[in-house]
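Each chain, letter by letter, is given below.
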Amino acid sequence: MSEIVTTTAAERPRSLGADAWDVMRRRPLFWVAAVLVVLFVAMAIAPELFTTKDPRSCDLAFSRQLPSAGAIFGYDFQGCDIFARTVYGARASILVGIFTALAAALLGGLLGTLAGYLGGAVDAVLSRIADIFFSIPLLLGAIVVGSVVPLSPNSPLWRCVIQIVLVLVLFGWPNTFRLMRGSVMQVKPNEYVQAARALGANPFRVTTSHIVPNALTPLIVVSTIDLGSYIATEATLSFLGVGLPGTIVSWGRDISAASGIGYIRNAPHMLLFPAAALCLTVLAFIILGEVVRDALDPKLR
Amino acid sequence: MGKYVVRRLLMMIPTFLGATLIIFYLSFALPGDPTAGRCGERPCPASYVEWFRSHYGLDKPFLVQYGIYMGRLLTGDLGTNYYGNTVIHELAIRYPTTLKLAVIAIVAEILIGIGAGILAGIRRGRFIDSLVTISTLVVIAIPVFVLGSLAQMVFGIKLKWFPVTAGDGTWGQLLLPGLVLGSLYVAYVARLTRTNLVENLRADYVRTAYAKGMQPARAIGLHALRNSLLPSITYIGASFGALLGGAIVTERIFNINGVGSLIYRSISQRDGTTLVGAVVVIVVIYMVMTLLVDLLYGLLDPRLRHE
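Residues numbered from 1 in each chain as written. Chains lettered and ligands numbered in written order. Predicted model: local features only at pLDDT ≥ 70, side-chain atom pairs only at ≥ 80, totals over all residues. Heavy atoms only, no water.

Draft legend 1. Local environment of the overall build of chain B. What chain B contains, in helices and strands, is 11 helices and zero strands. Reading chain B from its N end, one meets helices and strands in the order α-α-α-α-α-α-α-α-α-α-α. Viewed in the frame of its principal axes, chain B has a C-alpha envelope of about 85 × 55 × 30 Å. Per-residue burial over chain B gives 48% buried out of 307 residues. Expressed as a percentage of contacts within chain B between residues at least 6 apart in sequence, the contacts between residues at least 24 apart total 75%. (Helix = DSSP H or I, 4+ residues; strand = E, 2+ residues; numbered from the N terminus. Buried < 20%, exposed > 50% of the residue type's maximum accessible area, 1.4 Å probe, protein only. Contact = heavy atoms within 4.5 Å.)

This is the structure we're talking about:
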């Protein structure tokens, strides 16, 4: 509060974003998470930069060999270089995570804003539809849909990613919907919204320039955190055989191929490296989301 | 209160119809032929296929099949699967096992999750706080199937503290799988409890309590904790449905004959009747749990009394 009082007319009042950035950049955790995110996104965009080996050229003679100078992560069951597979596996996981989080935020955010702002019949109908999809556990729904529309091993990467994203969004959007609906309902009765309306702003303008910007913070935070958990869910689906097909290099597939008890016992490095990459990515997005939340929430300062 | 319950029960009807319609449609659309492989190594004769399809009503249009199914469901009949067993029977022999798993997970959420959250919240910024915050993050980041396989390896095979698989479904055998199933939610509950407690410990009413000379234990226990635990209780109740869904993975790792493996098997065997029955029961349990949690919330928080 004191900040606002001391702001003189000459200096511009600082925005919430600038304030948050100031808090964030002083936290080491933010930089750890940001570096990890940049690293894995770079791997997803240009895996060639990180390794010269081909993740698909494998030699059974090297099967399950431990890490060595030639192959720092060792070789998997088929004799493929695990480092190359870990680098190339980033693309599928990150694509699924980013697009699922974005699509769920957009769909849930849009419908949630409508339900929260309009209320009444629109709210009742949208809320009941959300209830329907909410009552079917995400994993269960994704497994059933994945079996109804099985992905063929010949499908290209974008086709598989689109399908998994759609399935996860179908059963994941009620979360973002409920969040945004509640958030909009909280912002709507504020004086500045009433003032905008009294000044003659139409409902569209009231919503887009007064309500949504003030109700958006929880959605951004939860979507960043959820991004990580969607990546983990995709890996779980691949483990159950209804996610990405084996022809696509992905962490989920490699982890599930390595998590048989016999393999964990005799070749733990097969599980360790892809699992570590997956966990670090999930962790980076969760930490990023939490740091952003702490920075945007003045109560926790 | 009574009015509120009736309204909530009425609201459940469209949710239930919608959820069953989706699941029924998906199981109807499962690819593959349920008569394949029923006649040994040769294709089934046309007369048998025709009898099979009319016996199970597969020759009727989708909506008619759904109508017949829902009609039977109202009388408590979940149908008979393609192996001649009633779905009720299939579920009745497996639900106790899966419910035991879920109960172990819920108890862990309450004891470990809330306990760790309170410890971390009270000792904010100390070692125990960092320990809880970091270890819960790690648990959240590791996919449950990796955690399950590792737990099976370390505690089952290397240390021999727990049985490796849980074929008979006794409490002792289910302890480790139940903890694995609940691990993710234990971590979320701990974080949620900690965040709310930290926020409430700074609230004006807690400061007032201290100012009046109240013992710290009483100020925290009576004032801060009571208000901090409400979101955790909602979360634990809501996690019940997700636990039943997550059982598919856990039961597969530990070879448990429960509802999760029944669902998985019914998908791979194109056994739509069993699939729909098992999922319908999960949806009902989930909706009832949500209602109970909301009612409990009203009892615990006078501001939210459902008049």
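So much for the structure itself; the text now carries on.
Draft legend 2. Looking closely at empty space enclosed by the protein. Residue and element names in this part refer to chain A. The final tally for this structure, using the stated rule, is one cavity of 30 Å³ or more. Estimated volume of the largest cavity: approximately 60 Å³. Taken together, Ala142, Gly146, Leu151, Gln163, Ile164, Val167, Leu237 and Val242 make up the full set of residues lining the largest cavity. At three residues, helix 7 (residues 157–187) tops the list of elements feeding residues into the lining of the largest cavity. Looking at side-chain class alone, the lining of the largest cavity contains six nonpolar, two polar and no charged residues. (1 Å grid on protein atoms, 1.4 Å probe; cavity = no way out; pocket = protein on both sides within 12 Å on 5 of 7 lines; lining within 4 Å. Points joined across faces, edges and corners; volume = space filled by probe spheres on them. Nonpolar A, V, L, I, M, F, W, Y, C, P; charged D, E, K, R; others polar.)

Draft legend 3. Spotlight on the interface of chain A and chain B. Between chain A and chain B, the contact holds 41 residues from the first and 46 residues from the second. Overall, the association of chain A and chain B removes approximately 3800 Å² of surface from exposure, summing both partners, and the carbon and sulfur fraction of that is 79%. Across the chain A-chain B interface, the total number found is one salt bridge. Across the salt bridge formed by Arg191 of chain B and Glu290 of chain A, the nearest N and O atoms sit 2.4 Å from each other. Here chain A is connected to chain B by two residue pairs in polar contact (both at pLDDT 80 or more). Elements represented by at least two residues in the side of chain A that touches chain B include exactly helix 5 (120–134), helix 6 (138–148), helix 10 (217–239), helix 11 (251–258), helix 12 (261–266) and helix 13 (268–296) of chain A. (Buried area = accessible area lost by both parts, 1.4 Å probe. Salt bridge = Lys/Arg side-chain N within 4 Å of Asp/Glu carboxyl O. Polar contact = N/O pair within 3.5 Å; in protein donor to acceptor, adjacent residues only side chain to side chain.)

Draft legend 4. Examining the pattern of salt bridges more closely. Residues and elements named next belong to chain A. This structure, assessed with the given rule, holds 13 salt bridges over all chains. Two residues, Asp254 and Arg85, come together in a salt bridge whose shortest N-O distance is 3.0 Å. Of the two residues, Asp254 is situated in helix 11 and Arg85 in helix 4 (residues 82–118); the sequence distance between them amounts to 169 residues. As far as the burial class goes, Asp254 and Arg85 line up, both buried. Measuring nitrogen to oxygen at the nearest pair gives 3.8 Å for the salt bridge that ties Asp294 to Arg293. With a relative accessible area of 24%, Asp294 lands in the partly exposed category. Its relative accessible area of 29% is what places Arg293 among the partly exposed residues. A single network of salt bridges, built from pairs that share partners, joins Asp22, Arg25 and Arg26.

Draft legend 5. Structural context of a nonpolar patch on the surface. Residues and elements named next belong to chain B. Residues Val103, Val107, Ile110, Leu111, Ile112, Trp171, Leu175 and Leu179 make up a contiguous nonpolar surface patch of about 700 Å² in total accessible area. At the level of secondary structure, the elements contributing two or more residues to the nonpolar patch comprise helix 4 (87–122) and helix 7 (171–201). For the nonpolar patch, the leading source of residues is helix 4, giving five residues. Considering the arrangement of structural elements, one finds Trp171 in helix 7. For Trp171, a relative accessible area of 48% translates into the label partly exposed. (Patch = residues over 30% accessible without salt bridge, like charges linked within 9 Å, V, L, I, M, F, W, Y side chains within 5 Å. Areas by Shrake-Rupley, 256 points an atom, 1.4 Å probe, with all protein chains shown as cover.)

Draft legend 6. Broad picture of helix 13 of chain A. Relative to the 42 Å expected for 29 residues at 1.5 Å per residue, helix 13 of chain A spans 41 Å between its end C-alpha atoms, a close match to the ideal helical length. Of all 29 residues in helix 13 of chain A, 23 are buried; the element is thus mostly enclosed. (Expected span 1.5 Å × (residues − 1).)

Draft legend 7. Spotlight on the environment of Phe16 of chain B. Residue and element names in this part refer to chain B. Mapping Phe16 onto the fold places it in helix 1 (residues 2–28). In the structure, Phe16 is positioned 10 residues away from Leu26 in sequence and 15 Å away in space, judged by C-alpha atoms. When neighbours within four sequence positions are excluded, Phe16 is seen to be in contact with Met70, Leu73, Val280, Val284 and Met287.

Draft legend 8. Layout of the packing of aromatic side chains. Overall, the coordinates contain 17 aromatic pairs over all chains when judged by the stated rule. For the pair Phe30 of chain A and Trp31 of chain A, a centre-to-centre distance of 5.1 Å together with 70° between the ring planes defines the contact as edge-to-face. In this structure Phe30 of chain A comes out as buried when scored by relative accessible area, which is 9%. By relative accessible area, which is 41% here, Trp31 of chain A ends up partly exposed. With a centroid separation of 6.1 Å and 55° between ring planes, the pair formed by Tyr188 of chain B and Tyr235 of chain B is classed as tilted. With a gap of 47 residues between them, Tyr188 of chain B in helix 7 and Tyr235 of chain B in helix 9 (residues 216–253) connect regions that are remote in the sequence. Note that Arg178 of chain A overlies the ring of Phe134 of chain A, its terminal NZ or CZ placed 4.0 Å from the centroid. Here the basic side chain of Lys188 of chain A rests over the ring of Tyr117 of chain A, its NZ or CZ set 5.2 Å away from the ring centre. (Phe/Tyr/Trp six-rings, centres within 6.5 Å; stacked < 30°, edge-to-face > 60°. Lys NZ or Arg CZ within 6 Å of the ring centre and 35° of its normal.)

Draft legend 9. Broad picture of helix 5 (residues 127–141) of chain B. Residues and elements named next belong to chain B. Between the first and last C-alpha of helix 5 there are 21 Å, a value that for 15 residues agrees with the 21 Å anticipated at 1.5 Å per step. Within helix 5, burial applies to Asp129, Val132, Thr136, Leu137, Ile140 and Ala141. Taken end-on, helix 5 shows its buried residues confined to a sector of 155°, consistent with a single buried face. Across helix 5 from its buried face, at more than 90 degrees, point the exposed residues Phe127 and Ile134. (Arc of directions from axis to C-beta.)

Draft legend 10. Region of the structure containing unusual backbone geometry. Even without being a glycine, Lys160 of chain B presents a positive backbone phi close to 60°. Relative to the elements of secondary structure, Lys160 of chain B occurs in the loop between helix 6 (144–158) and helix 7.

Draft legend 11. Representation of the side chain of Asp271 of chain B within the structure. Residue and element names in this part refer to chain B. Within the element layout of this structure, Asp271 appears in the loop between helix 10 (259–268) and helix 11 (272–300). Comment: no salt bridge for buried Asp271; closest opposite-charge side chain is Arg265, at 7.4 Å. Among the polar contacts listed, one links the side chain of Asp271 to the side chain of Thr274, at a separation of 2.6 Å. Beyond its immediate chain neighbours, meaning those up to four positions away, Asp271 contacts Asn81, Tyr82, Tyr83 and Ser266. (Lys, Arg positive; Asp, Glu negative; His and termini not counted.)

Draft legend 12. How the structure looks around the environment of Leu114 of chain A. Residue and element names in this part refer to chain A. Mapped onto the secondary structure, Leu114 falls in helix 4. The exposure class of Leu114 is partly exposed, given its relative accessible area of 38%. Separated by 77 residues in sequence, Leu114 and Glu191 place their C-alpha atoms 20 Å apart. With residues up to four places along the chain from it excluded, the contact list for Leu114 reads Gly119 and Leu126.

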